[in-house]
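Below are the chains, spelled out letter by letter.
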Amino acid sequence: MSRAHTLIKGTLILTMTGLATRMMGFFYRIFLSHAFGEEGVGLYQLIFPVYALGFSLTCAGIELILARLVAKDTALGRKKEARQLLYTALLITVSFSSIVTLFLQNYAGWIAVVFLRDPRCAGLLVILSYVFPFAAIHSCICGYYFGQKETGVPAVSQLIEQSVRIGSVFLIYFAAAERGLTADVSFAVVGLAAGELASSFYCLHILISGKKGEPKNRLSFLSLCRQIPRLLLPSLPLTGNRVLLNLLQSAEAVSIPLQLKAAGMTQKEALSVYGVLTGMALPCILFPSAVSGSISTMLLPEVAQIQTLRDRKAFRTLVIKVTSSCIAMGCFCCAFLLIAGPWIGSHIFHSSLAGNLIQILAWMCPFLYTNNTLISTINGIGKTTLTFLINAASLGLRISSIFLLIPSFGIQGYLWGMLASQLCVFSCCLLVLIRYRFPEKNS
């Protein structure tokens, strides 16, 4: 199968899956806003910086490096080594995630009060802690199959995760309503854990059952020891970068409600605005990124193989085609959301504020969708430090807007900062890729 055909096929599978899960998630967000209210959605969104930080600390960096190394081993015909890398990644990530689970369960109250500034998050964090070991299994196995450019398993696992998450919350919510119990946003966190549990069991089932042609080598301690440095050493800087970025993102998320309160809002009003932004407006803007997200996922192993083969022409053609396609899609989505934003806010979310925020955020679309693919391309050529610096600069602009613009302009000031940050990422990524040069292919 040709490189272009493999990329297109994988992208189509992931795009269809992404659109399906985002459609499900879109209506799920509507349900959450109606069931738990704007403040409840804001409280639910407040724990996601902790989730993102825990995921980055345990498996995000290893998943990326695993996909890259598996792609290289597959290109060189070393399937046995690729399989050993997966086993090593599972051992490392499940161990780390179990430690994070225990830490979160013991210090949930302290994190909720000191870090998130809302003691109501303590119980939600305890439930969230059970997510991490299953998320580690899910992400590593998906990374292995992404490295082999096999998108079927990750796509199905994504559908299972989303279906079980939403279905379990519906069941719990309506069962509680029948018994006259008060609806609580903790139901949504239980759904998060249930989804990861189901998807990890599916991935393990596929891995254990295997398929024809896959190596059936036995696991040995010595083989694991040989793979640990190869996997862990390149992933440590990337994990450190991800953790630092998520610390900045966590500070950003916590600071928005605090600065809105400083601007004169009550705690309930500030949390409601934060809930509308992160739980309604942003998911609407991010909905079309299922396409660019699928492309960026397939790009990393594709670029890694191109780099291994030192094919400069293929690299240049790939970047130009992908970038121009994402920009065109972003411009179309921008025009659509500028027109339809108020209607979406008032008729779907029953929030005029959501409609106003969607219109302002729409201007980010051409850059937001393209940036995913550009960052993935730079990661694919191994320049993970550069992506960290670019993302850090972007976050710096957003955090500055929180403290400098929100007091004077309210939440609109932060949205201006978000647009500036996307322009920053777009410009820096293009500059890096324009200046990057592959060595000449060996004759």
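Summarised in this report is the structure supplied together with it. Because the structure is predicted, anything quoted here is derived from the model rather than measured.

Some points on the environment of Ser401
Assignment of secondary structure puts Ser401 in helix 14 (residues 384-404). Residue Ser401 is classed as buried on the basis of its relative accessible area, which comes to 3%. Every residue in contact with Ser401, bar those within four places of it in the chain, is listed here: Ile406, Gly413, Tyr414 and Gly417.

With respect to the packing of aromatic side chains
The relative placement of two aromatic rings is captured by the distance of their centres and the angle of their planes. The tally for this structure, following the rule as stated, stands at 15 aromatic pairs. Where Phe134 meets Phe201, the ring centres are 6.4 Å apart and the plane angle is 85°; that geometry is what we call edge-to-face. Linking Phe134 in helix 5 (residues 131-147) with Phe201 in helix 7 (residues 186-209), this pair joins segments that are 67 residues apart in sequence. Here Phe134 falls in the partly exposed class, since its relative accessible area comes to 25%. For the ring pair Tyr144 and Tyr145, a centre distance of 5.2 Å and an interplane angle of 75° mean the geometry is edge-to-face. Tyr145 carries the same exposure label as Tyr144, and that label is buried.

Things to note about the side chain of Glu161
Structurally, Glu161 is set in helix 6 (residues 152-178). For Glu161, a relative accessible area of 9% corresponds to the buried category.

Overview of a nonpolar patch on the surface
On the surface, a nonpolar cluster with roughly 520 Å² of combined accessible area is contributed by Phe103, Tyr107, Trp110, Val113 and Val114. By the element assignment, Val114 lies in helix 3 (residues 79-115). Exposure remark for Val114: the relative accessible area of 43% places this residue in the partly exposed category.

Quick notes on unusual backbone geometry
For Arg117, which is not a glycine, the phi torsion comes out positive at approximately 60°. By secondary structure assignment, the location of Arg117 is in the loop between helix 3 and helix 4 (121-128). Take Arg117: its relative accessible area is 52%, and that puts it in the exposed class. Here the phi dihedral of His350 falls at roughly 55°; this positive angle occurs in a residue that is not glycine. Looking at the secondary structure, you find His350 in the loop between helix 11 (312-348) and helix 12 (352-361). Looking at His350, the relative accessible area reads 54%, which means it is exposed.

Focus on the packing of helix 5 against helix 6
Each pair of packed helices can be summarised by the angle the axes make with each other and by the distance between the axes. Packing of helix 5 against helix 6 leaves a shortest axis separation of 8 Å and a crossing angle of 145°. Where helix 5 approaches helix 6, its residues His138, Cys142, Tyr145 and Phe146 are matched on the opposing element by Val153, Pro154 and Ser157. Of the residues belonging to the contact of helix 5 with helix 6, the class tally is 5 nonpolar, 2 polar and no charged.

Some thoughts on helix 11
In an α-helix, one turn spans 3.6 residues, which is why side chains three or four residues apart end up on the same side. The end-to-end C-alpha distance of helix 11 is 47 Å, clearly below the 54 Å that 37 residues give at a rise of 1.5 Å each. By the largest-angle criterion, Ala340 marks the main kink of helix 11, which is about 55°, and a proline, Pro342, follows within four residues. Just downstream of helix 11, His350 is the residue with a positive phi angle, here 55°.

Cut-off values and rules
Residues numbered from 1 in each chain as written. Predicted model: local features only at pLDDT ≥ 70, side-chain atom pairs only at ≥ 80, totals over all residues. Heavy atoms only, no water. Helix = DSSP H or I, 4+ residues; strand = E, 2+ residues; numbered from the N terminus. Buried < 20%, exposed > 50% of the residue type's maximum accessible area, 1.4 Å probe, protein only. Contact = heavy atoms within 4.5 Å. Phe/Tyr/Trp six-rings, centres within 6.5 Å; stacked < 30°, edge-to-face > 60°. Patch = residues over 30% accessible without salt bridge, like charges linked within 9 Å, V, L, I, M, F, W, Y side chains within 5 Å. Areas by Shrake-Rupley, 256 points an atom, 1.4 Å probe, with all protein chains shown as cover. Salt bridge = Lys/Arg side-chain N within 4 Å of Asp/Glu carboxyl O. Axes fitted to C-alpha atoms, helices over the stretch in contact; angles between N-to-C directions. Nonpolar A, V, L, I, M, F, W, Y, C, P; charged D, E, K, R; others polar. Expected span 1.5 Å × (residues − 1). Bend = angle between axes of the 7 residues up to and from the residue.

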